[in-house]
Amino acid sequence: MSKIRICNTAEIPSNGMKDYDVEGGLKVLIANAGDCYYAYQGVCPHQEVCLAEGYYDGAVLTCHQHLWQWDITTGKALGLAEAPLEKYEVKVEDGEIFVLQSSALKAAQLFMDVSGDTLQRLDSLARREKYESGSTLYNIGDPTDDLYILDSGRVEFLIGRDGTSPAGFVLHKGEVFGWAALLENQARRIAKATCLEDSVLLRLNGEETLKVLESDPASGYLVMRKLSTLITRHLGSQGEK
Amino acid sequence: MKIQVNARNRAHHFNATEGEKLLYAGLSGAVGLPYECGSGTCGTCKARLISGEIVDAWPDAPGRKYLKGDDEFLMCQCVAKTDASIEVASFVQTMEAGVCVPAALKGHISSAKLLTSDVIHLQIKLSQPMEFDAGQFVMVQVPGVAGFRGWSMVNYQREAESLEFIIKKKPGGGISEWLFNSQCTGVEVEVFGPLGHATFYPGLSKNILCIAGGSGIAGMVSILSRAAQDDYFRQYRGDVFFGVQTLKDAFFLDEFSRLRAQCGDKLNVTIALSKEDPPASALSDYPHLKFDTGYVHDVAGRHMQGNYENVRAYLAGPPPMVDATVRILLQARLATDNICYDKFS
Ligand SMILES: Cc1cc2nc3c(=O)[nH]c(=O)nc-3n(C[C@H](O)[C@H](O)[C@H](O)COP(=O)(O)OP(=O)(O)OC[C@H]3O[C@@H](n4cnc5c(N)ncnc54)[C@H](O)[C@@H]3O)c2cc1C
Ligand code: FES
Ligand code: FES
């Protein structure tokens, strides 16, 4: 976990926001809401638009391009938004604002709502792995052992009897795949997953993940709810409505 | 050419003919590809090429500044040379039954009249009728000027046989110079549409608020015609704010007076003048209309205070005006799904 100094609290207007470029090309948005400071990705998850140019009223952040909105306390999508904002943990020390870059799991939509403790336990299960472009993550018929989260890069899915027809959907950073690892009676993969670029993935063993979730049913319930929405979306996408 | 587009939720397939822009080809195949301006400036239609060969008809398009990798391109400017697979990052749905699927049509300019020194009223007669929703626009290409331009329809009819537009002169602009300096009646043009999401239909059952700067009033007139045809303002309020610099730049005031007389006092039309106080003659010539001084978003903000109950807002005009208006509406706590616009860039 790295700690990066961003700015002085005095630079952020009350119930206002400002963005900063930090090392490594990352743009970070700092927003004030009453006594609290929040830090988010500075660029809209929709298109390359700076969120600091949008509207913010101390509670809701709106991107001025197409009016996607987020709750400033959580980064959750509101209204028209199709994706949440990546949130960074903030520390304020002696009037200085620092941002802690924490686990990539935090960015995974599937785990967005789990409690801090559970996230930490899941984090310790996660293996961060780099794959070269062209590598196969799993094949049709392979055991459904792990669940994957895309951190960077691109992954393609091939379906059909011989695994050559593209399933035709695109994953975003933070999205989960291989979720059959969390399901019963789904012992074998029904698609082939390959990397189209050099990619970084987080892998969690399905059974271990379920154990962690069983020990925190409140978090587990929220994960399962997200998962069922995810599955429905895929069922809905097989053919025309 | 067969095109596969992989979207966030699923894959779609459509055909593109020789020279047809990929965006237009997809949309006419009822694939709801993302777009906004249709003319290379906004970057909304960006996609990534996975396989196949494409050609960029406008490599200098300003919208290319939103592209990251070499394999990214604007669908509204590129045509396919071979079968191709492309990828867009957003959700893409098949257009629902009932929406007007856009198509490429031919037409000719049947009349062109000056409304003010820099605004023209243009009519295009179509070779076949077009069904569109009030508030929509079409892309038009004229011979000798590169690229399509988006113009909002002013009229509203089912199965319209001609489309009417209000076009403001942009000094030095390609189409502007052509329209204002040549004999354009009779000229054959290409039309693609209808496009645009800021539409009105009477089933909406909300008070409507229209805020427009300059030629942005075009789409509002279409919306008002549709509403008036349905007696909409017997039940719902309509507040229209039309911003221009001086009274000399205003047009359609007779039409607004007529609409107001027809629809009754639930319809209010205010002309906002940004560069002068309303002359006394305006008030006596147009007793049905209101006049005020200031930028149209400020005027609308003042008049609407406390009146946002059950309101759907339609905005149109230059991007800075739309941005300023959105800010005022958000401050008034209007929900984003009730703020509708297609920016003019
Ligand atoms: C949704 C929408 C609705 C609009 N409605 C109206 C309306 O009702 N009335 C109105 O007056 N204006 C409207 N506009 C603006 C209109 O489309 C034109 O921008 C305007 O008429 C000026 O055109 P121009 O050719 O004079 O200016 P230019 O600056 O020459 O061109 C304007 C636009 O045309 C495109 N363009 C320019 N060169 C090329 C090229 N080589 N290849 C491809 N494309 C090119 C670009 O998008 C450029 O921004 C609308 C715009 C949009 C996006
Ligand atoms: S770019 Fe932010 S909402 Fe579209
Ligand atoms: S729709 Fe292509 S750049 Fe705007």
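Given the structure is predicted, the values throughout are model-derived calculations rather than measurements.

As a further point, take the overall build of chain B. If you tally the helices and strands in chain B, you get 7 helices and 19 strands. Compactness check: chain B gives a C-alpha radius of gyration of 21 Å against a globular reference of 20 Å for 345 residues, within 12% of the reference. Along the first, second and third principal axes, the C-alpha atoms of chain B reach 65 × 45 × 35 Å. In chain B, which comprises 345 residues, the share counted as buried stands at 59%. Within chain B, contacts between residues separated by at least 24 positions form 69% of all contacts whose residues are at least 6 apart in sequence. Summed over its atoms, the accessible surface of chain B is roughly 14500 Å², and 48% of this surface lies on carbon and sulfur atoms.

Moving on, we get to the interface of chain B and chain A. Listed per partner, the contact involves 32 residues of chain B and 30 residues of chain A. On the chain B side of the interface with chain A, the three residues burying the most area are Arg8, Arg10 and Thr336 of chain B, jointly 24% of the side's total. The shortest N-O distance in the salt bridge between Asp57 of chain A and Arg333 of chain B comes to 3.2 Å. The tally of links from chain B across to chain A stands at 7 residue pairs in polar contact (both at pLDDT 80 or more). Those elements giving two or more residues to the side of chain B that touches chain A turn out to be β1 (2-6), β3 (46-51), α7 (319-331) and β19 (339-341) of chain B. Looking at the side of chain B that touches chain A element by element, the count peaks at 4 residues for α7 of chain B.

Once that is clear, we can look at the pairing of strand β10 (residues 137-141) of chain B. Residue and element names in this part refer to chain B. The buried fraction of β10 amounts to 4 of the 5 residues, a majority that puts the element mostly inside the structure. Note: β10 against strand β11 (residues 149-152), 4 bridges, orientation antiparallel. Opposite Val140, over in β11, you have Arg149 as the bridge partner. Pairing analysis gives 4 bridges linking β10 to strand β13 (residues 188-195), with the strands arranged antiparallel. Considered in β13, the bridge of Gln141 is made with Glu190.

Let us look at the state of the cysteines. All names here are of chain B. Across all of its chains, the model carries 0 disulfides over all chains by this definition. Unpaired in terms of disulfides, Cys78 finds its nearest cysteine sulfur in Cys76, a separation of 8.1 Å. The class for Cys78 is buried, based on a relative accessible area of 2%.

This part takes up the sheet that holds strand β13 (residues 146-152) of chain A. All names here are of chain A. Here we have 4 strands laid out as an open sheet, ordered β11-β18-β13-β16, and antiparallel in their pairing. In this open sheet, the two edge strands, each paired with only one partner strand, are β11 (127-131) and β16 (176-177). The sheet contacts of helix α2 (residues 206-214) involve β13 and β18 (199-205), and relative to β18 the element is tilted by about 60°.

What follows concerns the site of ligand 1. Residue and element names in this part refer to chain B. Surrounding ligand 1, one finds 25 residues, the nearest of these being Ser39, Arg149, Lys170, Ile175 and Ser176. At 2.6 Å from an oxygen atom of ligand 1 is found a side-chain nitrogen or oxygen belonging to Arg149. Contacts to ligand 1 include Ile175, whose backbone N or O atom sits 2.7 Å from an oxygen atom. Calculation on ligand 1 without its partners gives an accessible area of 960 Å², and the protein chains cover 86% of this total.

For the rest of this paragraph, the subject is the confidence of the model for chain B. Confidence in the prediction for chain B averages 94 pLDDT; 100% of positions are at 70 or higher. The ipTM value of the predicted complex is 0.78, and its pTM value is 0.81.

Residue and element names in this part refer to chain B. In terms of domain boundaries, chain B breaks down into domain 1 (2-87), domain 2 (103-195) and domain 3 (202-340). Taking only C-alpha atoms into account, the centre of domain 2 sits 23 Å from that of domain 3. Taken together, the contact pairs 15 residues of domain 2 with 15 residues of domain 3. Surface buried jointly by domain 2 and domain 3 totals about 1200 Å² across both partners, of which 66% is contributed by carbon and sulfur atoms. Contact with domain 3 buries area across many residues of domain 2, yet Val154, Tyr156 and Ile166 alone supply 43% of it, more than any other trio. The interface formed by domain 2 and domain 3 includes 0 salt bridges.

A complete count under the given rule lists 28 salt bridges over all chains for this structure. With its nearest N and O atoms 3.1 Å apart, the salt bridge here joins Lys27 of chain A to Asp21 of chain A. Note on Asp21 of chain A: relative accessible area 59%, which makes it exposed. A network of salt bridges, in which partner residues are shared, links Arg154 and Glu197 of chain A together with Arg48, Asp71 and Glu87 of chain B.

This part covers the pairing of strand β18 (residues 311-316) of chain B. All names here are of chain B. A large share of β18 lies buried, amounting to 6 of its 6 residues. In terms of strand pairing, strand β14 (residues 207-213) meets β18 through 6 bridges, oriented parallel. Of the residues in β18, the one forming a bridge with Leu209 is Ala313. Here β18 runs beside β19; their pairing, made up of 3 bridges, is parallel. Paired with Tyr314 across the two strands is Cys340, which belongs to β19. Considered for its hand, the β-α-β crossover made up of β18, α7 and β19 is right-handed.

A few words now on the packing of helix α6 (residues 296-304) of chain B against α7 of chain B. Residue and element names in this part refer to chain B. Close contact between α6 and α7 brings their axes to 9 Å; oriented N to C, the two are set at 20°. Relative to α7, the element α6 lies roughly parallel. The way α6 lies across α7 gives a crossing that is right-handed. Where α6 abuts α7, its residues Val296, His297, Asp298 and Gly301 lie against Met321, Ala324, Thr325 and Ile328.

What counts as what
- Going along each chain's sequence as written, the residues are numbered from 1 onward.
- For naming, the first written chain is A and the first written ligand is 1, with later ones following in the order written.
- Note on the predicted model: pLDDT of at least 70 is required for a residue's local features to be given, and 80 or more for side-chain atom pairs to be given and counted; whole-chain, interface and lining totals, by contrast, use all residues.
- Hydrogens and water molecules were not included; the side-chain quantities draw on all heavy atoms of the structure.
- Runs of H or I in DSSP of at least four residues are treated as helices and runs of E of at least two as strands, each being numbered from the N terminus.
- With C-alpha atoms as the basis for the radius of gyration, the globule rule is written as 2.2 Å multiplied by the number of residues raised to the power 0.38.
- Per-residue accessibility, obtained with a 1.4 Å probe over protein chains only, is compared with the maximum for each type, and a residue is labelled buried under 20%, exposed over 50%, and partly exposed between these values.
- We call two residues contacting when some pair of their heavy atoms lies within 4.5 Å.
- Computed with the Shrake-Rupley method and a 1.4 Å probe, the accessible areas treat only the protein chains shown as cover for residues.
- By buried area we mean the combined loss of accessible area, with a 1.4 Å probe, across both parts when two parts are placed together.
- In the sections that follow, a salt bridge refers to a side-chain nitrogen of Lys or Arg positioned within 4 Å of a carboxyl oxygen of Asp or Glu.
- Any pair of nitrogen or oxygen atoms within 3.5 Å is treated as a polar contact; in protein, a donor-acceptor pairing is required on top of that, and neighbouring residues in sequence qualify only through side-chain atoms on both sides.
- At least two bridges found by DSSP between two strands are what make those strands a pair.
- Pairs of cysteine sulfur atoms within 2.5 Å are identified as disulfides in what follows.
- For every element, the axis is a line fit to its C-alpha atoms; helices are fit only across the contacting stretch, and the angle between N-to-C directions ranges from 0 to 180 degrees.
- One heavy atom suffices: a residue is near a molecule or strand as soon as one of its heavy atoms comes within 4 Å of it.
- pLDDT is a residue-level measure of predictor confidence that goes from 0 to 100.
- A domain assignment, automatic or from a database, supplies the domain bounds used here.
- By the criterion used throughout, a crossover qualifies as right-handed when its path from the first strand across the helix to the second strand runs clockwise, the strands pointing away from the viewer.
- Note that the term roughly parallel is reserved for angles under 35 degrees, roughly antiparallel for angles over 145, roughly perpendicular for angles of 65 to 115, and oblique for everything else.
- Put simply, a crossing is left-handed when the front helix is turned counterclockwise from the back one by less than a right angle, and right-handed when it is turned clockwise.

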